[in-house]
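# Examining the three-dimensional arrangement
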Amino acid sequence: MTNSEAPAPLRLHDTLKETIQSTYRVEQKLRQTQKFLKSANRLSAITYNRSWGSELNQFEVVLFSDLRDPQEEGLPPLTSREAVAKLTAAQRRAYYKGYYPDGRDRCGDQLDKIYEAIGVRRKTSRRRA
């Protein structure tokens, strides 16, 4: 018996099953696309900060390495050197852990590593003689 010869409830069941499977595939593709867009946004923000943000002192917010938004974690946006300088010790640790979750870059100052993670050249206050 073909699908067109099956009783109406069976045809409806098959159609519903196909629709659910199709919806699931669309949702998977949507999640993949969202992840790709977040990755692209992250790289774009780092590139902007590296190219213009350091000079203008106007940074784009950089998502954590796992693509979470720091602001959704309750952290202040790092949009300038002043914003980075005002971080509390707990906020610095949270940003550091967000950008380096596996602790692979334990060497050096946390602020230096945060600046590096967001693509900003840190200005030093040292003067050359």
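Everything below is about the structure printed above this text.
Below you will find a few notes about this structure.

About the thresholds
Residues numbered from 1 in each chain as written. Predicted model: local features only at pLDDT ≥ 70, side-chain atom pairs only at ≥ 80, totals over all residues. Heavy atoms only, no water. Helix = DSSP H or I, 4+ residues; strand = E, 2+ residues; numbered from the N terminus. Buried < 20%, exposed > 50% of the residue type's maximum accessible area, 1.4 Å probe, protein only. Polar contact = N/O pair within 3.5 Å; in protein donor to acceptor, adjacent residues only side chain to side chain. Contact = heavy atoms within 4.5 Å. Axes fitted to C-alpha atoms, helices over the stretch in contact; angles between N-to-C directions. Parallel < 35°, antiparallel > 145°, perpendicular 65-115°, else oblique. Left-handed = near helix turned anticlockwise from the far one by under 90°. Nonpolar A, V, L, I, M, F, W, Y, C, P; charged D, E, K, R; others polar.

### Re the side chain of Ser80
- Considering the arrangement of structural elements, one finds Ser80 in the loop between α1 (8-56) and α2 (81-85).
- Ser80 sits in the buried class, given a relative accessible area of 13%.
- A polar contact of 3.3 Å, which involves the side chain of Ser80, links it to the side chain of Glu82.
- Polar contacts involving the side chain of Ser80 include one to the main-chain amide nitrogen of Ala83, which spans 3.1 Å.
- Sequence-distant contacts of Ser80, that is, excluding residues within four places in its chain, are made with Asn57 and Phe59.

### Some points on the packing of helix α3 (residues 89-99) against helix α4 (residues 110-118)
- The contact between α3 and α4 brings their axes to 10 Å, and the two run at 50°. By the criterion of interaxial angle, the relationship of α3 to α4 is oblique. As α3 runs across α4, the sense of the crossing is left-handed. From α3, Arg92, Arg93, Tyr95, Tyr96 and Tyr99 reach across to α4, where they touch Gln110, Leu111, Lys113, Ile114, Ala117 and Ile118.
- When its residues are assigned to classes, the contact of α3 with α4 shows seven nonpolar, one polar and three charged.

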